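The residues making up each chain are set out below.
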Amino acid sequence: MIAHIAVLVPGELYSEIQPYFKSEIAIHAFFILSGFLVSKSLAHTLTLRKYFIKRIRRIVPAYTFVVIFFGILLSSVSQFSPTEYFSSAQFWKYMSVNLLYQNYLQPCLPGVFENTNTMCAVNGALWTIKIEEAFYLLLPFLAFLNKKIFGKKWLFYLLVYIASILFFNILNHAGLHRFAKQLPGSLCYFSGGIVAFHFFEKIIPNLKLLFLPAILIFLIEYFFSDFVILRPAALTVIVLFIAYHFSFLNRFGKYGDFTYGTYIFHFPIIQLCVWFSLHTYWNRWTLMFFIIGITLICAVFSWKVIETKFISRNYLQRIESLDR
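This one's a predicted model, so the numbers in the text were calculated from it and none came from an experiment. (Residues numbered from 1 in each chain as written. Predicted model: local features only at pLDDT ≥ 70, side-chain atom pairs only at ≥ 80, totals over all residues. Heavy atoms only, no water.)

Asks: Mind showing me how you'd approach the state of the cysteines here?
Replies: Here is the idea: a disulfide is a covalent bond, and it sits between the sulfur atoms of two cysteines. What the rule picks out here adds up to one disulfide. With its sulfur 1.9 Å from that of its partner, Cys 108 forms a disulfide with Cys 120. With the S-S bond torsion at 65°, the cross-link from Cys 108 to Cys 120 turns out right-handed. Of this pair, Cys 108 sits in the loop between helix H5 (89-99) and helix H6 (127-150) while Cys 120 sits in the loop between H5 and H6, placing them twelve residues apart in sequence. Between Cys 273, a cysteine without a disulfide, and Cys 298, which holds the nearest cysteine sulfur, the sulfur-to-sulfur distance is 10 Å. (Disulfide = S-S within 2.5 Å. Helix = DSSP H or I, 4+ residues; strand = E, 2+ residues; numbered from the N terminus.)

Asks: Looking at this model, I keep getting lost on the side chain of Ser 88. Mind explaining?
Replies: Mapped onto the secondary structure, Ser 88 falls in the loop between helix H4 (82-87) and H5. Here the side chain of Ser 88 touches Gln 90 through a polar contact of 3.1 Å, landing on its backbone nitrogen. (Polar contact = N/O pair within 3.5 Å; in protein donor to acceptor, adjacent residues only side chain to side chain.)

Asks: I tried to follow the nonpolar core on my own but got confused; where do I start?
Replies: Most often, soluble globular proteins have nonpolar side chains that are buried together. Grouped together as the largest cluster of nonpolar side chains are 86 residues, with contacts concentrated most on Tyr 14, Leu 74, Leu 109 and Phe 135. In this view, Tyr 14 contacts Ile 5, Ala 6, Val 9, Arg 284, Leu 287 and Met 288; residues no more than four positions away in its chain are not counted. (Core = buried A, V, L, I, M, F, W, Y, C linked by side-chain atoms within 4.5 Å. Buried < 20%, exposed > 50% of the residue type's maximum accessible area, 1.4 Å probe, protein only. Contact = heavy atoms within 4.5 Å.)

Asks: Looking at this structure, I do not really get the pattern of salt bridges. What am I missing?
Replies: Side-chain pairing between opposite charges can occur once the charged atoms of the two side chains come close. Under the criterion given, the structure shown has three salt bridges. Note that Arg 58 is salt-bridged to Asp 257, the shortest N-O span being 3.4 Å. Note that Arg 58 is positioned in helix H3 (residues 48-73) and Asp 257 in the loop between helix H12 (231-245) and helix H13 (259-275), a separation of 199 residues in sequence. Of the residues examined, Arg 58 reaches a relative accessible area of 13% and is grouped as buried. We classify Asp 257 as buried; its relative accessible area is 16%. (Salt bridge = Lys/Arg side-chain N within 4 Å of Asp/Glu carboxyl O.)

Asks: Sorry, what's going on with unusual backbone geometry here?
Replies: The phi torsion of most residues other than glycine is negative, and most of the peptide bonds are trans. A cis amide bond links Leu 183 with the next residue in sequence, Pro 184, at an omega value of 5°. With respect to the helices and strands, the residue Pro 184 is situated in the loop between helix H8 (177-180) and helix H9 (187-198). Despite not being glycine, Tyr 101 has its phi angle at roughly 65°, a positive value. Among the structural elements, Tyr 101 can be located in the loop between H5 and H6. Its identity is not glycine, yet Ser 277 carries a phi of approximately 60°, on the positive side.

Asks: Help me understand helix H2 (residues 23-43), please; the structure alone is not making it clear to me.
Replies: The periodicity of an α-helix, 3.6 residues per turn, causes residues three or four positions apart to be oriented the same way. An ideal rise of 1.5 Å per residue puts 30 Å on 21 residues; H2 measures up with 30 Å between its terminal C-alpha atoms. Every buried residue belonging to H2 is among Ile 27, His 28, Ala 29, Phe 31, Ile 32, Ser 34, Gly 35, Phe 36, Val 38, Ser 39, Ser 41 and Leu 42, and all of these are buried. Those residues of H2 hidden inside the fold are in contact with H3, H6, H9, helix H10 (200-203), H12 and H13. (Expected span 1.5 Å × (residues − 1).)

Asks: Explain a nonpolar patch on the surface here, please?
Replies: A surface patch of nonpolar side chains, about 660 Å² in accessible area, is lined by Trp 154, Leu 155, Leu 158, Leu 159, Ile 162, Leu 166 and Ile 170. Looking at the secondary structure, you find Leu 166 in helix H7 (residues 154-173). (Patch = residues over 30% accessible without salt bridge, like charges linked within 9 Å, V, L, I, M, F, W, Y side chains within 5 Å. Areas by Shrake-Rupley, 256 points an atom, 1.4 Å probe, with all protein chains shown as cover.)

Asks: How should the packing of aromatic side chains be read in this particular structure?
Replies: Note on aromatic pairs: each is described by the distance of the centres and the angle between the planes. For the structure shown, the criterion picks out 24 aromatic pairs. For the pair Phe 30 and Phe 31, a centre-to-centre distance of 5.6 Å together with 45° between the ring planes defines the contact as tilted. Exposure remark for Phe 30: the relative accessible area of 29% places this residue in the partly exposed category. What makes Phe 31 buried here is its relative accessible area of 0%. Here the aromatic cluster, defined as three or more aromatic residues joined through ring pairs, consists of Phe 30, Phe 31, Phe 135, Phe 190 and Tyr 263. Cation over ring: Arg 55 sits above Tyr 136, and NZ or CZ is 5.2 Å from the ring centre. Just above the ring of Phe 179 sits the side chain of Arg 178; from NZ or CZ to the centre is 5.3 Å. (Phe/Tyr/Trp six-rings, centres within 6.5 Å; stacked < 30°, edge-to-face > 60°. Lys NZ or Arg CZ within 6 Å of the ring centre and 35° of its normal.)

Asks: Even after reading the chapter, I still don't get H7, so can you show me in this structure?
Replies: Taking 1.5 Å as the rise per residue, H7 with 20 residues should run 28 Å; its terminal C-alpha atoms sit 29 Å apart, in good agreement. For H7, the complete set of buried residues consists of Phe 156, Tyr 157, Val 160, Tyr 161, Ser 164, Ile 165, Phe 168, Asn 169 and Leu 171. Each element contacted by the buried residues of H7 is listed here: H6, H8, H9 and H12. Positive phi shows up at Gly 175, right after H7, with a value of about 80°.

Asks: Explain the environment of Thr 45 here, please?
Replies: Here Thr 45 is to be found in the loop between H2 and H3. Note on Thr 45: relative accessible area 12%, which makes it buried. When the C-alpha atoms of Thr 45 and Ile 170 are compared, they prove to be 36 Å apart, with 125 residues separating the residues in sequence. Of note is the side chain of Thr 45, whose polar atom sits 2.5 Å from the backbone oxygen of Ser 41. A polar side-chain atom of Thr 45 sits 2.7 Å from a polar atom in the side chain of Lys 54.

Asks: Mind showing me how you'd approach the side chain of Ser 164 here?
Replies: Within the secondary structure layout, Ser 164 lies in helix H7. Overall, the relative accessible area of 1% leaves Ser 164 in the buried class. A polar atom in the side chain of Ser 164 sits 3.1 Å from the backbone oxygen of Gly 185. Sequence-distant contacts of Ser 164, defined by excluding residues within four places in its chain, comprise Pro 184, Gly 185, Ser 186, Leu 187 and Cys 188.

Nothing here speaks to function; it is all geometry.
Below, the structure written as structure tokens:
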């Protein structure tokens, strides 16, 4: 969210902090966490049908609400009249392709943010959701191959990692960065989370030994290398170390899981604040905390009103147990 604030707000307001907040790193860490948690979900679910139902319930309702809600709301800031806006082919294309998780095909709404913002995209963060859902579909197939061919060995996921790294580097150096970061290019991060789950008991005791080398490898590759080789593995170690060596983080979700709502709401909220030119009236810290505050309110609403209506009781009980 802070990375997108720094990029989307015009001028030099956040130029000082922009180098320290990179959305790319946050997204890759999210993929690692997803690989870990969704592997856990698959392992603890009796049938594939139940697994897919759980995945659909977790992602689809809030996502659908966000697309429709902002599609209607932003008619009020469009340069077009309501009649022109809702009858526009661009509006209907936006709604249809975004509801099909193909945000990149039509990221903009008619007459919205076109001459006021640095970009017209309504919710540029949604591009990762299609990768996430594709990963949900792919994971059972990977687990089946690993079990039948490799006998649940780490070698299979190493091969997946290497193939993903090769795919990413080849496309990236061919100038096709937008395609390189899709699947299978992002699978190297998901596979880090998968391995972290399946070999958890072996990895955790060695995290302290691995942490400093992981930091060093990550920084070297991030700042001094044109190739991605060990960065996903290093980031996996870093994410696990933070998760399991700062005990106060274990109670982070005791009031609810507001992460998904934060992710899918923050981008259009930033865009609206820019459209209202709040950056010309407020100082940077006032604006940042306002955006964060409004986003968190929307995330709480999303969790309490939408997401919890579709999530299993067992999951909610685990969240509530953190408060005891």
